[in-house]
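# Structural overview for review
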Amino acid sequence: MRFCSEFNKADDYEHFKVEKECGLLEFLLENVNRTHSKIKATLKGRGVKVNGKFVSQFDYPLTPGMKVAVSRTKRNQMQFKNRFVKIVYEDRWLIVVEKKVGILSMAAGHSSLNVKSVLDDYFKQSRQKCRAHVVHRLDRDTSGLMVYAKDMETEQILEHNWHDIVYDRRYVAVLSGEMEETDGTIANWLKDNKAYITFSSPVDNGGKYAVTHFHVMNRTVDHSLVEFKLETGRKNQIRVHSADMGHPVCGDVKYGNGDDPIHRLCLHAWLLCFTHPVTHEQMEFETPVPPEFRKLFK
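Residues numbered from 1 in each chain as written. Predicted model: local features only at pLDDT ≥ 70, side-chain atom pairs only at ≥ 80, totals over all residues. Heavy atoms only, no water.

This part takes up the overall build of the chain. Looking only at helices and strands, the chain has 7 helices and 17 strands in total. For a compact globule of 298 residues, the expected C-alpha radius of gyration is about 19 Å, and the chain comes in at 21 Å, within 12% of that figure. When the backbone C-alpha atoms are referred to their principal axes, the chain occupies close to 60 × 45 × 35 Å. For the chain, the proportion of its 298 residues judged to be buried stands at 49%. Considering only contacts within the chain whose residues lie at least 6 apart along the sequence, 63% involve residues at least 24 apart. Mean positive and mean negative side-chain charge positions of the chain (44 and 39 charges, respectively) differ by 7 Å. (Helix = DSSP H or I, 4+ residues; strand = E, 2+ residues; numbered from the N terminus. Rg over C-alpha atoms; globule rule 2.2 N^0.38 Å. Buried < 20%, exposed > 50% of the residue type's maximum accessible area, 1.4 Å probe, protein only. Contact = heavy atoms within 4.5 Å. Lys, Arg positive; Asp, Glu negative; His and termini not counted. Charge placed at Lys NZ, Arg CZ, Asp CG, Glu CD.)

Glancing now at the sheet that holds strand S1 (residues 13-17). The antiparallel open sheet is built from 4 strands, whose spatial order is S1-S6-S3-S4. Every interior strand has two partners, whereas the edge strands, S1 and strand S4 (53-54), have only one. Taken together, the 2 bridges between strand S3 (residues 48-50) and S4 define a ladder with antiparallel strand orientation. The residue of S4 that forms the bridge with Val50 is Lys53. (Pairing = 2+ DSSP bridges.)

Here the focus is the pairing of strand S11 (residues 166-176). Summarising burial for S11: 9 of the 11 residues are buried, a large majority. Here S11 runs beside strand S16 (residues 267-275); their pairing, made up of 7 bridges, is antiparallel. Its bridge partner lying in S16, Ala173 is registered against Leu267. Here S11 pairs with strand S15 (residues 223-230) via 7 bridges, running antiparallel. Across the sheet, the residue bridging to Val174 is Leu225, located in S15.

A word on the pattern of salt bridges. For the coordinates displayed, the defined rule picks out 14 salt bridges. Ionic pairing is found between Arg131 and Asp120, a salt bridge with its closest N-O pair at 3.5 Å. Residue Arg131 is found in the loop between helix H3 (115-125) and strand S9 (133-134), and its partner Asp120 is found in helix H3; the two are separated by 11 residues along the sequence. Salt bridges sharing common partners tie together Asp168, Arg170, Glu227 and Lys229. (Salt bridge = Lys/Arg side-chain N within 4 Å of Asp/Glu carboxyl O.)

As a further point, take the packing of helix H1 (residues 24-31) against helix H2 (residues 36-44). Across the interface, H1 lies against H2 with an axial gap of 10 Å and an inter-helix angle of 130°. Taken together, the axes of H1 and H2 are oblique relative to one another. Remark: the crossing between H1 and H2 carries right-handed chirality. Contact with H1, carried on its side by Leu24, Leu25, Leu28 and Leu29, involves His36, Ile39, Lys40 and Leu43 of H2 and no other residues of that element. For the contact of H1 with H2, the per-class residue count stands at 6 nonpolar, 1 polar and 1 charged. (Axes fitted to C-alpha atoms, helices over the stretch in contact; angles between N-to-C directions. Parallel < 35°, antiparallel > 145°, perpendicular 65-115°, else oblique. Left-handed = near helix turned anticlockwise from the far one by under 90°. Nonpolar A, V, L, I, M, F, W, Y, C, P; charged D, E, K, R; others polar.)

Examined against the element boundaries, Asn236 turns out to sit in the loop between S15 and helix H6 (237-244). Classification of Asn236 by relative accessible area gives buried; the value is 9%.

Our next topic: H1. Three or more residues of H1 are buried, namely Leu24, Leu25, Phe27 and Leu28. Along the axis of H1, the buried positions cluster into a sector of 160°, meaning they face one direction only. The inward-facing, buried residues of H1 contact S1, strand S2 (22-23), H2, S3, strand S5 (61-62) and strand S6 (67-71). (Arc of directions from axis to C-beta.)

Another point: the pairing of strand S17 (residues 282-286). Covered by surrounding structure in S17 are Met283 and Phe285 only, the residues Gln282, Glu284 and Glu286 on the alternate face being uncovered. Strand direction decides the pairing type here: S16 and S17, joined by 5 bridges, are antiparallel. Bridged to Leu272 within S17 is Phe285. In sequence, S16 turns back onto S17 through a hairpin of 6 residues, with His280 there showing a positive phi of about 65°.

Dropping the structure here:
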């Protein structure tokens, strides 16, 4: 991973112009003085831009006139390993991670396992003078992509402009039963009761208006693999809206029906796209659908 201090240099990138049609990996092997494995690592680590946009796809098609920029910055040699957190991207202002099931986004007690503490420890070990600042959260039993700011200024920009900065955010879930519709939208008001259970209402109940779009990716008579796109980001929004449709998220002990095929909450934040709060570049991250989800549809 990169240190905070290694960013914002004028010579961070080598720049190339594409002269012929080819795949990105082929182009890099011909033009960049690095080994095959190092070029692949640079691609995977989001160290390559095509026309100003980060690209990690090895066979990304290039056409004459395109501009390719390759990061010169060396990665931090400290190997980050944690069973609950995977670093997907890092620069001097923010860090994007993939959170596994079973870890909180931030502390909820003195000894609670949480992503923020893991990242703060990583920053300390790698001698970075920064802390992880929480921008948004995922439930303990939800896996997927999250972004943390590395300074208060960046955190404030993200927090106060979240709905303008994030232009696509999607989840995938395994729902109980076979969904009747392939696409649709569910919208209502969500409000917590005194027991902190979120419930919905078709009319304004003093809660927050919530809109969720869904698309069925696969289905069997027992389960449905569904992609959700959030128009709003309310507490437990997908879990409550799924239950409202009569097809709760599998493994959901709070809003579910006891259907628990893989012994986990079957909800994963797979896509996160936002405009960088400082550089204003479009940042697009995705993770594969968890293989244990897909196994249910073979």
